[in-house]
Amino acid sequence: MEIVHVAAECFPMAKAGGLGDVIGALPKYQVLQGHVAKVVVPMYRTEFLYQQQWELVHESSQYIGSQFFHYSVIKEKSNRLGFDLYLVDINGLLDREKIYGYPDDTERFIAFQNAVCDWIYSWTHLPDLIHCHDHHTGLVPFLMQYGYDFKERLSTIPSVFTVHNAQYNGAFSWEQKYLLPACDMLHWSLLDWHGQINPLATAVKTAWRVTTVSKGYLQELTNSAAGLEHLFAHEKEKSSGILNGIDTEIWDPAHDPYLLFHYTVKTVAQGKRQNKEELCRRFGLDSERPLFCFIGRMVGEKAADLLPAAIAACVARHPQRISFLILGSGESSIEQQLDMLTEPLQGSVGVYIGYQEALSHLMYAGADFMLMPSRVEPCGLNQLYALRFGTLPIVRAVGGLKDTVIDMGDKGGFGIRFEQATVEDIMHAVDRAVTLYYDQPGHLEHFREQVMEIDHSWRHAAKQYLQLYKSIQ
Ligand code: ADP
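Visitor: Describe the pairing of strand 4 (residues 67–76), listing the residues and the values that go with them.
Guide: The element strand 4 is largely enclosed, with a buried count of seven among its ten residues. Here ten bridges tie strand 3 (residues 54–64) to strand 4, and the two strands are oriented antiparallel to one another. Bridged to Q62 within strand 4 is F69. With antiparallel pairing between neighbouring strands as the criterion, strand 3 and strand 4 make up a hairpin whose turn holds two residues, including G65 at a positive phi of roughly 65°.

Visitor: Can you break down the domain arrangement of the protein residue by residue, with the values?
Guide: You can read the domains of the protein as domain 1 (2–247 + 458–471) and domain 2 (268–452). Across the contact, 19 residues belong to domain 1 and 16 residues belong to domain 2. Taking both sides of the interface into account, the surface hidden between domain 1 and domain 2 amounts to around 1500 Å²; carbon and sulfur atoms contribute 60%. Our enumeration of links across domain 1 and domain 2 arrives at one salt bridge. Put simply, K15 and E357 hold a salt bridge, and the shortest N to O gap is 3.2 Å. For the pair domain 1 and domain 2, the interface holds nine residue pairs in polar contact (both at pLDDT 80 or more). Of all the secondary-structure elements, those providing two or more residues to the side of domain 1 that touches domain 2 are helix 1 (18–32) and helix 7 (215–221). With four residues, the top contributor of residues to the side of domain 1 that touches domain 2 is helix 7. Counted by class, the side of domain 1 that touches domain 2 contains seven nonpolar, eight polar and four charged residues.

Visitor: So what's going on with the nonpolar core? Which residues, and what values?
Guide: Side chains of a nonpolar character, in soluble globular proteins, are inclined to be buried together. M13, V40, L85, L87, V88, I90 and F232 are the most contacted members of the largest nonpolar core, which has 92 residues in total. If one sorts the elements of this core by residue count, helix 3 (residues 105–121) sits on top with nine residues. Other than its neighbours up to four places away in sequence, V88 contacts V40, V41, P42, M43, Y71, S72, V73, L94, F112, A115 and V116. In terms of nonpolar packing, the next biggest core, distinct from the first, is built from 73 residues, F294, I394, L401 and V405 among them.

Visitor: Explain the packing of aromatic side chains residue by residue, including any values.
Guide: For the coordinates displayed, the defined rule picks out 17 aromatic pairs. Measuring from ring centre to ring centre gives 3.6 Å for W251 and Y385, while their planes differ by 15°; the resulting arrangement is stacked. With W251 in the loop between strand 11 (239–241) and helix 9 (268–283) and Y385 in helix 13 (residues 382–388), this residue pair connects regions lying 134 residues apart in the sequence. A relative accessible area of 3% places W251 in the buried class. Between Y364 and Y385, the ring centres sit 5.6 Å apart and the planes meet at 75°, which makes this aromatic pair edge-to-face. Here Y385 lies in helix 13 and Y364 lies in helix 12 (residues 357–366), a separation of 21 residues in the sequence.

Visitor: Go over the packing of helix 9 against helix 12 with me, naming the residues and quoting the values.
Guide: The geometry of helix 9 relative to helix 12 is characterised by a closest axis approach of 8 Å and an angle of 125° between their N-to-C directions. With respect to their mutual orientation, helix 9 and helix 12 come out oblique. Judged by the twist between their axes, the crossing of helix 9 over helix 12 is left-handed. On the side of helix 9, the interface is formed by K272, N275, K276, E278, L279, R282 and F283, while helix 12 contributes L359, L362, M363, Y364, A365 and G366.

Visitor: Residues and numbers for the side chain of H456, please.
Guide: Locating H456 in the fold gives a position in the loop between helix 16 (441–452) and helix 17 (458–471). Excluding its chain neighbours within four sequence positions, the residues that come into contact with H456 are L243, G245, I246, L384, L387 and T404.

Visitor: Account for the site of the ligand, naming residues and giving values.
Guide: Of all residues adjacent to the ligand, which total 20 residues, the nearest are G18, D21, R297, G354 and Y364. Take G18: an N or O atom from its main chain is 2.6 Å from an oxygen atom of the ligand. In this structure, Y364 approaches the ligand through a side-chain N or O atom, which is 2.7 Å from an oxygen atom. Compared with its free state, where it exposes 570 Å², the ligand has 92% of that area covered by protein.

Conventions adopted
- Residues numbered from 1 in each chain as written.
- Predicted model: local features only at pLDDT ≥ 70, side-chain atom pairs only at ≥ 80, totals over all residues.
- Heavy atoms only, no water.
- Buried < 20%, exposed > 50% of the residue type's maximum accessible area, 1.4 Å probe, protein only.
- Helix = DSSP H or I, 4+ residues; strand = E, 2+ residues; numbered from the N terminus.
- Pairing = 2+ DSSP bridges.
- Domains from an automatic or database assignment.
- Contact = heavy atoms within 4.5 Å.
- Buried area = accessible area lost by both parts, 1.4 Å probe.
- Salt bridge = Lys/Arg side-chain N within 4 Å of Asp/Glu carboxyl O.
- Polar contact = N/O pair within 3.5 Å; in protein donor to acceptor, adjacent residues only side chain to side chain.
- Nonpolar A, V, L, I, M, F, W, Y, C, P; charged D, E, K, R; others polar.
- Core = buried A, V, L, I, M, F, W, Y, C linked by side-chain atoms within 4.5 Å.
- Phe/Tyr/Trp six-rings, centres within 6.5 Å; stacked < 30°, edge-to-face > 60°.
- Axes fitted to C-alpha atoms, helices over the stretch in contact; angles between N-to-C directions.
- Parallel < 35°, antiparallel > 145°, perpendicular 65-115°, else oblique.
- Left-handed = near helix turned anticlockwise from the far one by under 90°.
- Near = heavy atom within 4 Å.
- Areas by Shrake-Rupley, 256 points an atom, 1.4 Å probe, with all protein chains shown as cover.

Structure, rendered in structure tokens:
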């Protein structure tokens, strides 16, 4: 089967979060299972772009509003990612340093989707399926069906749309409808949600199948989906949850190029100690104490706003006995509050504001516990990486966290779960971890070995996607 994935991110070309990890891994596993998987993302000016060799495969032009634009498609030559990676270059629109966060993001992603449809329309042999991811590509299934320039050849190609995060839906005003490629006006209602053009809603309405990145999240969306709850409830017959996997080659403590000290399940005690010492040395922390880490976007979804108060309270409760290390960026007020903790709590708290892939790997390897108090977590990859590195997850029971972490008090359990996104619940969970660390050291070793053996690779999920694809051929 030949599958084309269309997305805004793909690791290592462009990653802002879990979406990038998924698009950089799922296609590789589909190829390993005997299929042809291609990925197309915008051409941003990232390091990866300049490090690789590219060949030009297509050039053409389209319109955004009344403005003519030229686009080109380039392909990575070496196939080093294990699948064909294509980039769409639109001069002045896509070729920027960041992925998101520009005032003209709506125009940028409409132009991208327009170019992708235009390019695929020109193929001699059309793909068997087009798989779109998140709202930046949510108009593609609609354009394939109703875009005047595309429908003749693309309307019979099945489309799948995966919701990685419904908190962002890309909605924009009907006054900007002129940005869209010409399409059948009779079907304009498919673009609408609550009086705006809503790309996420459009995709949920028009894709042949909809998936979410965990079963738990699919259920939650009918209650909480940034205004799209009724739509998810209405479309539930064609929707299913497929839990994300992880790329076990990239996330492998035995071979991770970001680590100085490699380890396996047999050498986890020593390997973790060495990585922890290295990590603690960098941040002036005591490596004899349990180390709690948080990695992620500093936004309300991740409950990062609770961290400053929770950390201060936990350290006050266990003075000189625990340490925290935080990596992330996001809302400036949260960043500042966290930064302000480092001086009074020097030696107990380390904070790195920013995005750093290498440091994140060292943290998964060196931490004892990975804290995820999320209010919303569609799947969550951090807990899966933590497990792979023998780090115990402490999670709020929500979305994919609920689907992947069993509390150590329950049968077959290994992590710590709590119910509410509150400072009190975080403190209680940390108390349980401290007790485990200091009073039951043998147990900690046992859990580390147990979690490293759990198979969260993409093999299983890739098969589930294939079954879904086949069901609509
Ligand atoms: P999100 O909702 O942000 O997509 P996920 O848990 O699905 O959350 O995926 C987060 C991914 O982004 C993980 O690979 C995590 O390690 C990475 N990540 C998040 N913030 C940072 C950061 N500041 N530096 C490095 N990696 C980060």
